Amino acid sequence: MNHHRSIEVRHSVCALDCPDACSLHIQVQGNQVVGLTGDPSHPITRGFACVKTARYPERQEQADRLLQPMRRCGDKGLGKFEPISWEEALDEIAHRLQCILDKHGPQSVLPYHYAGTMGVIQGDSPSAFFRAMGALELDQTICATTGGSAWEANYGPNKIGTDPEDLIHSKFIILWGINVLRSNSHLAPILKEARRRGAKILHIDPYRNETSRFADEHWQIRVGTDAALALAIGQEILSQGWEDRDYLDRYAQGLDQYQQACQQWTLPRASEYCDVPLEALQAMVRKYATGGPSFIKVGYGMTRNEGGGNACRAITLLPALIGSWKQQGAGAVLSTSGGFQLNRRELTGAHRTSPPRRHVNMNCLASELLDHAKNIRALMVYNSNPAAVAPDSARVRQGLSREDLFTVVLEHFQTDTADYADYLLPATTFLEHPDIYTSYGHYYLQYADAVVPARGQAKTNRWIFDQLAKRIGLDVPELSWDPNTIIDYLLDSANPWLQGITRERLLTEKSIKLQLPKPFLPYSQGSHFSDGKIRFSPAPEQLEFQEKLDRDYPLRLISPPGAVVVNTTMGNVPSIIKLAGGEPTLLIHPIDAQEYGISDGQRIEVSSRYGTIVRKAIVTSDSKQGVVISVGQWWPKLSPDHKSLNDLTSERLTDLGGGSTFGNVAVGIRPDTGPKSL
């Protein structure tokens, strides 16, 4: 064997769920991935990869990667499997599926998937299999629908925002409810350049983190009071006459209602309610409304509570109020995803969804599996790990334990969900298949080839579902289209911003910026509604949480991304576990720690109305008093108590978009006394 093979550098695109959608250089030796860096020529990626993706080569080559199909040979949840051939696996799965379809009908089959890959081909197109079958429709609501619904309630369909590359023209930048340095890190060089040109940066977040230290000013706001703060800013702008009357006369609808909603939120009241210093708040509103191009970056984290949709609406109406959409480098952004508008209809089987199908909200998986009347008999999981990430985890595990639930999981590793599978199928990673990528943080459309052959017997999602379709007699030709056909289809769209982007160019250039108008001033001519009006009504309001704090549960739990552990995708990579301190932690303010007898580094019991978990305490004023912060989502089986953070969360939904309420759990804490005798 030749150990002196030269290292080749091959292009790829990061498939992880992040706004940056980085262009990558992968170092390959033989068929092994030995290194990864950001593409230095890409205007957003700029030559660096985040701390997580930098370790992807380790994940790619890990010894415990799933490399062959497996069949369960023990009780559900024990994770005991025996290897079988692809032929056996596919035949047996198809047979079991056919029996379920014959006996219980297609509405007894539930696909469960999310953003395990952001690639359009392997992420979105497997839906065609389930739609051809007539299976249940999964509503993918766990992360972004609340923010998205809020934005589109204000501005109409196809959410877009300011081009991040234009932020160098900003004079005042607000980072609201987002740890940019961790979850949008390629915005940081642009923010630095804006600051060099005189911009001031304000961070608003109950969690004091890397971004708070990077910003010029940080407000440690009270959890869930964002709508009140935004309405008070609106009230001050209107009372000072700083609004853009001409813009509003032309493009606003329902301003009177909005004005009324703002009236009750004076700056002094909001200052006290939100726990924000009054003088700083007064100075900020003046600067925001009168100090040249002002920009707001909104994070999805602040939308994951009962009032998250109203909060996002209130914040993202502010740029319309002052007419900042008319200036370069001003405005706001939640997501740029509406800029792409690829033609996904046939690829995803969207043309096959009539007659109406029952929809399942993915946040309610536990209830769906446990309610026998719902009739779910088969669960097919890909690009997700529901045993760890779905709310009300104890009940999710109970549902997954059902002997009469036929479960198939497509995975790279034996996750907590995989332990409950009847069949466990090895899937390719993003480095092993071609795909096309949009972004929700910039305006570059990208393509990546496979950089290495699939390890072991791993197969693509599409191949697996195509094989199953053929075996159960489903006619789904779109599952066997080759990548060229798919790309041609996707680009065959009426979107003018795709003009001139051809398959040939995409395959050659790999990354092409959408053909945005110049200067790019989204919403400078009103909304995307047919009448062009921005909706200020129904007016957003500050909602009180139904999940109340009380004597038993006096603290609010939030769970933002950690420095290295973000979600469960990279959660079993040894170097990442080591960097994150070896076990999941909970940040607690010193005053709370003292009150509940907690010392730094001690294991504590954290309880909500839904469950109890054990975590290691870190006492720090990075957490706000009255708030405990769990950074990152760990694999339950790699946690000291083998439980998920989601043992504490509920299926309660947000005010808009049916999203998750991970950000408003009421909890109590106390020192862990070790195993209990009952």
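Details of the structure are given in the entry above.
Just so it is clear, the model here is predicted, and its values are computed rather than measured.

S.K.: Describe the overall build of the chain, and please don't skip the residues or the numbers.
M.R.: Each helix and strand counted, the chain has 23 helices and 27 strands in total. Over its C-alpha atoms the chain spans a radius of gyration of 25 Å, differing by no more than 12% from the 26 Å that the globule rule assigns to 678 residues. By its C-alpha atoms, the chain is 75 × 70 × 60 Å across when sized along the principal axes. Per-residue burial for the chain yields a buried fraction of 61% across its 678 residues. Carbon and sulfur atoms make up 49% of the accessible area of the chain, which amounts to about 24,900 Å² in all. Mean positive and mean negative side-chain charge positions of the chain (70 and 75 charges, respectively) differ by 2 Å.

S.K.: Give me the lowdown on the sheet that holds strand β2 (residues 23–29), citing residues and values where you can.
M.R.: Read from one edge to the other, the open sheet built from 3 strands follows the order β1-β2-β3, with strand pairing classed as antiparallel. Where the open sheet ends on each side, the last strands, each with one partner, are β1 (7–13) and β3 (32–38). For this sheet the average axis-to-axis angle between neighbouring strands, irrespective of direction, equals 30°. Pairing of β1 with β2 involves 7 bridges; the strand directions are antiparallel. From the neighbouring strand, Val13 faces β2, where its bridge partner is Ser23.

S.K.: I'd like to hear about empty space enclosed by the protein, residue by residue, with values.
M.R.: In total, this model carries 4 cavities of 30 Å³ or more according to the counting rule given. A volume near 70 Å³ is recorded for the largest cavity. Forming the walls of the largest cavity are Pro164, Leu167, Asn184, Leu187, Phe295, Lys297, Val333, Leu334, Ser335, Tyr440 and Gly441. Its residues placed into classes, the lining of the largest cavity shows 7 nonpolar, 3 polar and 1 charged. Taken as a whole, the second largest cavity holds about 40 Å³ of empty space. As for the second largest cavity, its lining consists of Pro19, Asp20, Ile44, Pro164, Asn184, His186, Leu187, Ile190 and Gly441. When grouped by side-chain class, the residues that make up the lining of the second largest cavity number 5 nonpolar, 3 polar and 1 charged.

S.K.: How would you summarise the packing of helix α9 (residues 226–240) against helix α14 (residues 308–316) if you had to cite specific residues and measurements?
M.R.: Between α9 and α14, the shortest axis-to-axis distance is 8 Å and the interhelical angle comes to 25°. Taken together, the axis directions place α9 and α14 in an arrangement best described as roughly parallel. Pair α9 / α14 crosses with left-handed handedness. Contacts between α9 and α14 pair Asp226, Ala227, Ala230 and Leu231 from the former with Asn310, Ala311, Ala314 and Ile315 from the latter. Along the lines of polarity and charge, the residues of the contact of α9 with α14 split into 6 nonpolar, 1 polar and 1 charged.

S.K.: Run through the nonpolar core, naming residues and quoting values.
M.R.: One finds Trp176, Ile237, Tyr258, Met284, Leu318 and Phe536 to be the most contacted residues of the largest nonpolar core, which totals 82 residues. The element that contributes the greatest number of residues to this core is α9, accounting for 9 residues. Setting aside residues no more than four positions away along its own chain, Tyr258 makes contact with Leu231, Gly234, Leu238, Leu317, Leu318, Leu321, Phe536, Ala539 and Pro540. In this structure, Ala89, Met133, Phe465 and Ala469 belong to the second largest nonpolar core, which totals 32 residues.

S.K.: Describe helix α5 (residues 145–155), naming the residues involved and giving the relevant values.
M.R.: Those residues of α5 that sit buried are Thr146, Gly147, Gly148, Ala150, Trp151, Asn154 and Tyr155. Buried residues in α5 make contact with α14, α15 (318–321), β13 (331–333) and β21 (534–535). Of the residues flanking the end of α5, it is Gly156, one or two places downstream, whose phi is positive at about 90°.

S.K.: Just give me the short version of the layout of surface pockets, but keep the residues and values in it.
M.R.: Leftover empty space is mapped by rolling, across the atoms, a probe with the size of a water molecule. Quantified by volume, the second largest pocket comes out at close to 260 Å³. In terms of lining, the second largest pocket is formed by 17 residues, of which the most central are Arg222, Val223, Phe545, Leu549 and Arg556. Per-class residue counts for the lining of the second largest pocket are 7 nonpolar, 5 polar and 5 charged.

S.K.: Hey, could you go over the pattern of salt bridges for me, with residue numbers and the actual values?
M.R.: Tallied over the full model, the rule gives 42 salt bridges. Of the charged contacts, one joins Lys513 and Glu165 as a salt bridge, the two residues approaching to 2.7 Å between their closest N and O atoms. Within this pair, whereas Lys513 is found in strand β20 (residues 511–513), its partner Glu165 is found in the loop between α5 and β8 (172–176), the two being separated by 348 residues in sequence. Take Glu165: its relative accessible area is 23%, and that puts it in the partly exposed class. Of the charged contacts, one joins Asp392 and Arg395 as a salt bridge, the two residues approaching to 2.9 Å between their closest N and O atoms. Look at Asp392 and you get buried, because its relative accessible area is 7%.

S.K.: Kindly report on the pairing of strand β6 (residues 109–113), identifying the contributing residues and their values.
M.R.: When you tally the buried positions in β6, you get 5 out of 5 residues, the bulk of the element. Burial along β6 is two-sided: the face carrying Val109, Pro111 and His113 and the face carrying Leu110 and Tyr112 are both buried. When β6 meets strand β15 (residues 378–382), the two strands line up parallel, connected through 5 bridges. In the strand pairing of β15, Pro111 is matched with Met380.

S.K.: For the packing of aromatic side chains, give the residues involved together with the corresponding values.
M.R.: A complete count under the given rule lists 21 aromatic pairs for this structure. Three or more aromatic residues joined by ring pairs make a cluster, and in this case those are Phe129, Phe130, Tyr382 and Phe465. The ring of Tyr273 carries Arg222 above its face, with NZ or CZ at 4.6 Å from the centroid. Taking NZ or CZ as reference, Arg269 lies 3.7 Å from the ring centre of Trp265, over its face.

The rules behind each value
Note that residues are indexed from 1 along each chain, following the sequence as it is written. Residue-level local features of this predicted model are given only where pLDDT is at least 70; pairs of side-chain atoms are given and counted only at 80 or more, and the full residue set underlies all totals for whole chains, interfaces and linings. The basis for every side-chain value is the complete set of heavy atoms in the structure, and neither hydrogens nor water enter the calculation. Helix and strand assignments follow DSSP, with helices taken as H or I runs no shorter than four residues and strands as E runs no shorter than two, numbered in order from the N terminus. C-alpha atoms define the radius of gyration in this analysis, and the globule rule sets the expected value at 2.2 Å times the number of residues to the power 0.38. Burial classes follow relative accessibility: with a 1.4 Å probe on protein chains only, a residue under 20% of its type's maximum area counts as buried, one over 50% as exposed, and anything between as partly exposed. Note on areas: these come from Shrake-Rupley sampling with a 1.4 Å probe, and a residue is covered only by the protein chains present in the view. Just so you know, the count uses Lys and Arg for positive and Asp and Glu for negative, and it drops His and the chain ends. To locate a charge, take NZ of a lysine, CZ of an arginine, CG of an aspartate or CD of a glutamate. The pairing criterion is simple: DSSP has to find at least two bridges between the two strands. Orientation is described by lines fitted to C-alpha atoms, with helices fitted over the stretch in contact, and by angles between N-to-C directions that extend from 0 to 180 degrees. A cavity, in this analysis, means grid points on a 1 Å lattice covering only the protein atoms where a 1.4 Å probe fits yet has no way out; a pocket is instead an open set bounded by protein on both sides within 12 Å along at least five of seven lines, and a residue lines either one if it has an atom within 4 Å of a point. Grid points are joined across faces, edges and corners, and a volume is the space filled by probe spheres set on the points. Lys, Arg, Asp and Glu make up the charged group, whereas Ala, Val, Leu, Ile, Met, Phe, Trp, Tyr, Cys and Pro make up the nonpolar group; the residues left over, Gly among them, are polar. Angular relationships are summarised with four words: roughly parallel below 35 degrees, roughly antiparallel beyond 145, roughly perpendicular across 65 to 115, and oblique for the angles in between. With the far helix as reference, a near helix turned anticlockwise by less than a right angle produces a left-handed crossing, and one turned clockwise produces a right-handed crossing. Here, two residues are considered to be in contact whenever any of their heavy atoms come within 4.5 Å of each other. Among buried residues, the Ala, Val, Leu, Ile, Met, Phe, Trp, Tyr and Cys ones that are joined through side-chain atoms within 4.5 Å form a nonpolar core. Note on definitions: salt bridges are taken to be side-chain nitrogens of Lys or Arg within 4 Å of carboxyl oxygens of Asp or Glu. For Phe, Tyr and Trp, rings pair up if their centres lie within 6.5 Å, where Trp contributes its six-membered ring, and each pair is then called stacked (planes under 30 degrees apart), edge-to-face (over 60) or tilted (otherwise). We call a charge positioned above a ring when the Lys NZ or Arg CZ atom is no farther than 6 Å from the ring centre and deviates by at most 35 degrees from the ring normal.

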